[in-house]
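A closer look at the structure
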Amino acid sequence: MNNKHVAVIGGGIAGMEAASVLARQGLKVTLIEKQANTGGKLNDWDHLFPDFSSPDELVSSLATKTKDSGVNTVYNTEISRIERAGKRFELRANQDVRFYADAVLVASGFNVFDATIKEEYGYGLFGNVITSVDFEKRMKKHGQLRTIQGTAPKRVAIIHCVGSRDAKVGNTYCSKVCCITGIKQAIEISEMLPDCEVFCFYMDLRLYGSTFDSLYLQAQKRHKIQFIRGRLSEAAERADKSIQIKAEDTLQGRPLRMTVDMVILLVGMEPGASTSQLIQKNQMTVDENGFLKSTNMHCARNQSTQEGIFMAGTAICPMAVNETIENARSAATEIIHFFENHRP
Amino acid sequence: MYSDLNQRLKADVRLEEGLQACMNCGICTAICPAAEFYEYDPRSIAITVQSGNEEKIAALLEGDTIWYCGQCMSCKTRCPRNNCPGLIISVLRKLSQETGAFIKSRMGRQQYLIVKTIGANILRFGYCVHPNSLVPATHPEQGPVWRWIYENMHEVYAAVDANLDGDGPGAMRKISPTDLDELHQIFEVSGGLKLYQTIEYFSQLKAVEMGLTDTNGKADMEKYTQYLLNE
């Protein structure tokens, strides 16, 4: 098995973790990243749920592990095609660069839902409507939240399910991580601006993690975050740049209008653009949501419908950081079994 | 009193289009202009129909709420499950008319006035609302400006280049007898006329029930109309 070569597409946390596990097992591993550095979308993130830890530490420890285990990391290289070459695979990248491998791991990640599609929420039109991703970027860069007028917001509405569970935008699935992200961001705002009122507009709070509900409790009890059960129908900018929002408080059965200084849209996860490119050219099957399909969702989660091509992380479905890392390890295990069973 | 309400609702193709499955998010109520003014919640109507509870559906047919919808269909544009409460309302309204449930509520009883005004106008003039039909005495809500326009109708419409009641093209032109005849046939074939008759039939029953009768004991629809206008 030691002479086998695995190409890992995508240098986010899934790709890095899987690559280092495989390399430590003695396999030759090439980690191919389209950008100039590894870490993927986590590089823009300020704090992780549910423990408010820094993703920078995680990314740098993964980078150290990857390097120390002997993974060959290639940057600025985007794979556009995977082809079978005998028993091996030939991977084609930009500028005619080619890689050869005995197995391929697709860890090409996800796309963030483009909130401008949900035009009625005014993202891209109104300066005080931002996304959860913008929030993290701003916090990381400036360490504070300000309106477009430069003031500290006194009222913020956090909108759940933007681009998720919504047939109108073509995404009927739940992105799973947004609910807890909203609660995390609500707490951060409240800690940063104790006088700021924070409202979460939700349909169902899907707090699946073992410690997520206690964060919800903390948000209500200690931070007085208000949770209103109703989805936003639309947002409009007022003359003073504040945002008027409309929803129904479904627990009271009454329509509700409210003016807030800022709106944060909890944008969901979509199948990645890089993944889509690979799918089209390699007859890899996707599931009903457009993510990569596993041959068995219980016991072969990381096996694609093409033998020898595996997948890890959010290319499979929306998942949190801890799940992504676990999933990457599981992918590495499946690849090792593949070599043990099929390629003596 | 009613039977097979669920089956009768489902027989209407608009229900299939209007109700896939509601997840109670409230976007329809949030966008609904009527919900801002009335005790009206399209979400709960969708949920009631989805539940299939015949008793509750009967209460909807007999109540005021289904008549608050303005059929603007804003709900259709926003529902994340591609439902359309406005269409569900259309189906409920038709069933309320067909079963006579509409005479049990104040808003429902107004159906009679609508048949006699808009319903009659469309067949008589080819317009739902025709300037001649908006008599200031019975439409005080139109105010003094409308009264002035009404009194100077031909001059005003001529001044805006309309062709009021005239032959040939132009706004508010006279609709030809051939076209009116065709319109009449459409109402006949599509069941529209029958629905008019059904509404009149149940309204007459209501008039008798209320003692609004002539010397022969038959429904006096003049009195009933006056009652509805003041109700």
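Please read these numbers as outputs of a predicted model, since none were measured by experiment. (Residues numbered from 1 in each chain as written. Chains lettered and ligands numbered in written order. Predicted model: local features only at pLDDT ≥ 70, side-chain atom pairs only at ≥ 80, totals over all residues.)

Glancing now at the overall build of chain B. Of the regular secondary structure elements, chain B holds 15 helices and 0 strands. The principal-axis extent of the C-alpha atoms belonging to chain B is close to 55 × 50 × 35 Å. In chain B, the share of contacts with a sequence separation of at least 24, taken over all contacts with a separation of at least 6, comes to 58%. (Helix = DSSP H or I, 4+ residues; strand = E, 2+ residues; numbered from the N terminus. Contact = placed C-beta atoms within 7 Å.)

This part is about the interface of chain B and chain A. The partner chain A presents 15 residues to the 17 residues of chain B that form the contact. Contributing elements (two or more residues each) for the side of chain B that touches chain A: α3 (27-31), α4 (33-37) and α5 (42-51) of chain B. When residues in the side of chain B that touches chain A are grouped by element, the largest group, 4 residues, is from α3(B). When grouped by side-chain class, the residues that make up the side of chain B that touches chain A number 7 nonpolar, 5 polar and 5 charged. (Nonpolar A, V, L, I, M, F, W, Y, C, P; charged D, E, K, R; others polar.)

Residue and element names in this part refer to chain A. With domains assigned, chain A is organised as domain 1 (5-109 + 272-342) and domain 2 (115-268). Averaged C-alpha coordinates put domain 1 and domain 2 at centres separated by 32 Å. Facing 9 residues of domain 1, the contacting portion of domain 2 comprises 17 residues. Looking at the side of domain 1 that touches domain 2 residue by residue, the classes come out as 5 nonpolar, 2 polar and 2 charged. (Domains from an automatic or database assignment.)

With that settled, consider the packing of α5(B) against helix α8 (residues 85-99) of chain B. All names here are of chain B. Between α5 and α8, the least distance of the axes is 10 Å, while the angle of their chain directions is 60°. With respect to α8, the element α5 is oriented oblique. α5 and α8 meet at a crossing whose hand is left-handed. Packed against α5, whose contacting residues are Pro-42, Ile-45, Ala-46 and Val-49, the element α8 presents Pro-85, Ile-88 and Ile-89 at the interface. Tallied by class, residues from the contact of α5 with α8 come to 7 nonpolar, no polar and no charged. (Axes fitted to C-alpha atoms, helices over the stretch in contact; angles between N-to-C directions. Parallel < 35°, antiparallel > 145°, perpendicular 65-115°, else oblique. Left-handed = near helix turned anticlockwise from the far one by under 90°.)

Attention now moves to the sheet that holds strand β1 (residues 5-9) of chain A. All names here are of chain A. Ordered by their spatial adjacency, 5 strands build an open sheet running β3-β2-β1-β7-β18, and the pairing between neighbours is parallel. Single-partner strands in this sheet number two, and they are β3 (72-74) and β18 (309-311). On average, each strand axis in the sheet is tilted by 20° relative to the strand beside it, whichever way the strands run. Relative to β18, strand β7 (residues 103-106) runs parallel, the two sharing 3 bridges. Note that in β18 the partner of Leu-105 across the bridge is Phe-310. (Pairing = 2+ DSSP bridges.)

Let us look at the environment of Ser69(A). Residues and elements named next belong to chain A. Within the element layout of this structure, Ser-69 appears in the loop between α2 (55-68) and β3. Looking at Ser-69, the number of C-beta atoms within 10 Å reads 17, which means it is partly exposed. Each C-alpha atom of the pair Ser-69 and Ala-101 lies 18 Å from the other, and the pair is 32 residues apart in sequence. (Buried ≥ 20, exposed ≤ 12 C-beta atoms within 10 Å, placed from the backbone.)

Residue and element names in this part refer to chain A. Counting buried positions over the 7 residues of strand β14 (residues 243-249) gives 5, a clear majority of the element. Strand direction decides the pairing type here: strand β13 (residues 232-237) and β14, joined by 5 bridges, are antiparallel. Looking at the pairing, Ala-236 lines up with Gln-244 of β14. Linking two consecutive strands that pair antiparallel, namely β13 and β14, is a turn of 5 residues; a positive phi of about 75° is found at Lys-241 within it. Here β14 pairs with strand β15 (residues 254-260) via 7 bridges, running antiparallel. Of the residues in β15, the one forming a bridge with Ala-247 is Leu-256. What sits between the antiparallel neighbours β14 and β15 is a turn of 4 residues, in which Gly-253 has the positive phi angle 65°.

The subject of this paragraph is the domain arrangement of chain B. As assigned here, chain B comprises domain 1 (5-101) and domain 2 (108-230). Looking at side-chain class alone, the side of domain 1 of chain B that touches domain 2 of chain B contains 1 nonpolar, 3 polar and 1 charged residues.

Turning our eyes to something else, we now look at the sheet that holds strand β9 (residues 129-131) of chain A. Residue and element names in this part refer to chain A. What the 5 strands build is an open sheet, ordered β9-β16-β10-β11-β12; its pairing is parallel. Edge strands, defined here as strands with exactly one partner in the open sheet, are β9 and β12 (226-229). Neighbour-to-neighbour, the strand axes of the sheet open up by a mean angle of 25°, direction not taken into account. Relative to strand β16 (residues 262-267), β9 is paired through 3 bridges, and the arrangement is parallel. Counterpart to Val-129 in the pairing with β16 is Val-263. Contacts from helix α3 (residues 132-142) reach β9 and β16, with the element oriented near 110° to β16. Set on the sheet, helix α4 (residues 178-192) makes contact with β10 (155-162), β11 (197-202) and β16; between it and β10 the angle comes to about 170°.

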